[in-house]
Amino acid sequence: MRLFTAVTLGDTLTARAEQGIERLRAHAPEAKWVKPEGVHLTLLFLGDVDPSCLSLFHEALDPVGPRHAPFVLSVGGGGTFGAPHHPSVLWADVRGDIVALKALQADVASALAPLGFASEHPEYTAHLTLARSKKPHGDAALAACARLLDQESWGEGRVDRLSVFESAGGHYASRWELPLGRGA
């Protein structure tokens, strides 16, 4: 099973992101857009994991939730990855209590490091991936979407749990959730 750790942004912000994605989708219909129910912030991608190891993940991650208080993030603006005129990825900017988000991500990475998992990037950068180009050399329409996204603000949401998701066929299913609890 393909697993990753993530946080979600609450029902209200997820609904606003869904509306924003639908508005932007019309401007880049050939891109591969995320499913609105799949909007999340990945903390650590684990990849293919043997199901027999799930108890080890529980054991490693269970202490993480109580060490972190819930926090608030907002989404607005954004940009692209890849060539400026033919980007490969469109993303929305995540703002708010980024310090708390980075602390949670670092704690998750530290807890899973003894199991052989490491972050793909040296520094965690919070962003919501919205769409990917299906074309091998990028999609100019995603650059146009980024300009439209500059005017967007999708509000804020409360992060109150850490989730472990399974990715299968483009769908995400929560395997388990750990509430954030310090000061809650």
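Overview of the structure. Note that residues are indexed from 1 along each chain, following the sequence as it is written. Per-residue local features of the predicted model are confined to residues with pLDDT of at least 70, and side-chain atom pairs are confined, for both listing and counting, to 80 or more; whole-chain, interface and lining totals are unaffected and use all residues. In computing side-chain properties, one takes all heavy atoms of the structure into account and sets aside hydrogens as well as water.

We now examine the pattern of salt bridges. Whenever a carboxyl oxygen of Asp or Glu lies within 4 Å of a side-chain nitrogen of Lys or Arg, that contact is scored as a salt bridge. Evaluated as defined, the whole model comprises ten salt bridges. Here aspartate 107 and arginine 67 are joined by a salt bridge, their closest N and O atoms 2.8 Å apart. Taken as a pair, aspartate 107 in helix 3 (residues 98-112) and arginine 67 in the loop between helix 2 (54-61) and strand 4 (71-82) lie far apart in primary sequence, 40 residues in all. The residue arginine 161 makes a salt bridge to glutamate 177 at a minimum N-O spacing of 3.7 Å. Placement of the pair is arginine 161 in strand 8 (residues 161-168) and glutamate 177 in strand 9 (residues 171-179), with a sequence separation of 16 residues. Among the residues examined, arginine 161 registers a relative accessible area of 31% and is labelled partly exposed. By definition, any uninterrupted DSSP run of H or I lasting at least four residues is a helix, any uninterrupted run of E lasting at least two residues is a strand, and each is numbered from the N terminus. The rule is simple: take the accessible area with a 1.4 Å probe, protein chains only, and divide by the maximum for that residue type; under 20% is buried, over 50% is exposed, in between is partly exposed.

Turning to helix 4 (residues 140-149), a few remarks are in order. Turning to helix 4, its buried residues are Ala141, Leu142, Ala143, Cys145, Ala146 and Leu149. Between a side-chain oxygen at the N-terminus of helix 4 and the backbone nitrogen of alanine 141 the separation is 2.9 Å; the capping residue is aspartate 139. We define a polar contact as two N or O atoms separated by no more than 3.5 Å, with the added condition that, inside protein, one atom must be a possible hydrogen donor and the other a possible acceptor, whereas residues neighbouring each other in sequence contribute only through side-chain atom pairs.

Turning our eyes to something else, we now look at the sheet that holds strand 7 (residues 153-159). Two strands make a pair as long as DSSP finds a minimum of two bridges between them. Spatially, five strands are ordered 2-6-5-4-7 in an open sheet, and the strand pairing comes out antiparallel. Since the sheet does not close on itself, it has two edges, and those belong to strand 2 (32-33) and strand 7, each with one partner. The contact criterion used throughout is that any non-hydrogen atoms of two residues lie within 4.5 Å. Convention adopted: a line fitted to C-alpha atoms gives each axis, helices being fitted over their contacting stretch, and angles between N-to-C directions are expressed from 0 to 180 degrees. Its contacts with the sheet put helix 1 (residues 10-25) on strand 2, strand 4, strand 5 (87-96), strand 6 (127-132) and strand 7, and the angle it makes with strand 7 is roughly 150 degrees. Sheet strands in contact with helix 4 are strand 2, strand 4, strand 5, strand 6 and strand 7, and its direction is about 20 degrees off that of strand 5.

In short, shape yes, function no, at least from these values alone.
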